[in-house]
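Per-entry structural report
What follows is the residue order along each chain.
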Amino acid sequence: MATSAETTPAPVDLTGELEVLGRVADSSNLAVVARISSVPGGHVIYKPVRGERPLWDFPDGTLAGREVAAHVVSRLGGWHVVPPTVMRDGPLGPGSVQLWIGDPFDPVADDVVVDLVPEGRTPDGWRAVLDGETPTGSAVTVVHSGADDVRSLSVLDAALNNSDRKGSHCLRDKAGRLWAIDHGVTFSPTPKLRTVLWGWAGEPLPERDLERLEQLRRALDDDLVRAELLELLPEDDVDALVKRVGRLIARGVHPQPRRDWPSVPWPPL
């Protein structure tokens, strides 16, 4: 049973001492699992700026700030789906530090949010995204949950201009609450929405998500909020965020894939 992400999570103190435990081997940039002293029994993922791989379409050294800004926007609009994330110093220099959902050394089988099914066999309550083949030649369909909280996440991604929403970036904790991670390639001023959550493309936005967008737009008018975001993002990115939120409200529909940009990340899961 999906749990609404609308409930505000309890505050988390991420200022404690970091004890590096190991590297996330499959991360494209340096990502480190660490224990944090201010959260008893808790772990974080620490992404030092110095470990960021240069990208052709994002300024160098800005990915950690984007991770933190995604949390800020999720909180300001009332989505509350990005785990607590801060920018701070650590053993490998400044970087983003995000609360790890669950236990990195004792993973549980979370409810699947995005999946592969035999071609054309979309389960009830799910949305089909695209058809394809596995490396062994099996015909499959990429599908995602049709739950309300997943739909709300797709709206947040549109506001963030998320360029890499893979299925593995959508998690449910043991209580069924939805969380979204990996926001290093967000906030570009150039349209780059690339996601597996296209199941509502072109449909009217839910009233609750229009309310969230309005709440976010009001927050972005605050000089203190703007200053907070400018500590994390280039000015052009903050200006583009404001315009993007306004367009989403004015149009009132879920975005559709663009013809001039790959619309689904690879791999999608």
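Here's what I pulled together on the structure shown here.

Reading the values: the criteria
Residues numbered from 1 in each chain as written. Predicted model: local features only at pLDDT ≥ 70, side-chain atom pairs only at ≥ 80, totals over all residues. Heavy atoms only, no water. Pairing = 2+ DSSP bridges. Helix = DSSP H or I, 4+ residues; strand = E, 2+ residues; numbered from the N terminus. Axes fitted to C-alpha atoms, helices over the stretch in contact; angles between N-to-C directions. Buried < 20%, exposed > 50% of the residue type's maximum accessible area, 1.4 Å probe, protein only. Contact = heavy atoms within 4.5 Å. Polar contact = N/O pair within 3.5 Å; in protein donor to acceptor, adjacent residues only side chain to side chain. Parallel < 35°, antiparallel > 145°, perpendicular 65-115°, else oblique. Nonpolar A, V, L, I, M, F, W, Y, C, P; charged D, E, K, R; others polar. Core = buried A, V, L, I, M, F, W, Y, C linked by side-chain atoms within 4.5 Å.

What follows covers the sheet that holds strand S5 (residues 95-99). As summarised here, the arrangement of the five strands in space is S1-S2-S3-S5-S4, forming an open sheet in which the pairing is antiparallel. Of all strands in the sheet, those bounded by a partner on one side alone are strand S1 (18-23) and strand S4 (85-88). Each adjacent strand pair in this sheet contributes to an overall mean axis angle of 30 degrees, direction not counted. Alignment of strand S2 (residues 32-36) against strand S3 (residues 43-48), held across four bridges, turns out to be antiparallel. Across the sheet, the residue bridging to Val32 is Tyr46, located in S3.

All right, on to the environment of Lys166 then. Of note, Lys166 is situated in the loop between helix H2 (148-160) and strand S9 (170-172). A residue is classified by how much of its surface remains accessible, and Lys166, at 14% relative accessible area, is buried. Distance from Lys166 to Ala180, taken between C-alpha atoms, is 9.9 Å for residues 14 residues apart in sequence. Among all residues touching Lys166, those that are not within four sequence positions of it are Val196, Pro265, Trp266, Pro267, Pro268 and Leu269. In this structure the side chain of Lys166 is engaged in a polar contact, spanning 2.5 Å, whose partner is the side chain of Asp164.

The subject of this paragraph is the packing of helix H1 (residues 63-77) against helix H3 (residues 207-220). Direction vectors running N to C along H1 and H3 enclose 115 degrees, while the axes themselves pass 7 Å from each other. In terms of orientation, H1 and H3 fall into the roughly perpendicular class. Contact with H1, carried on its side by Val73, Leu76 and Gly77, involves Arg212, Gln215, Leu216 and Ala219 of H3 and no other residues of that element. Split into classes, the residues belonging to the contact of H1 with H3 amount to four nonpolar, two polar and one charged.

Ranked by internal contacts, the top residues of the largest apolar core, which has 44 residues, are Val73, Leu153, Leu156, Phe187, Leu213, Leu229 and Val245. Every element with two or more residues in this core is listed here: H1, H2, strand S10 (178-180), H3, helix H4 (223-230) and helix H5 (235-251). Considering every element that reaches this core, the biggest residue donor is H2, with seven residues. Among all residues touching Val245, those that are not within four sequence positions of it are Ala159, Leu213, Leu216, Arg217 and Leu220.

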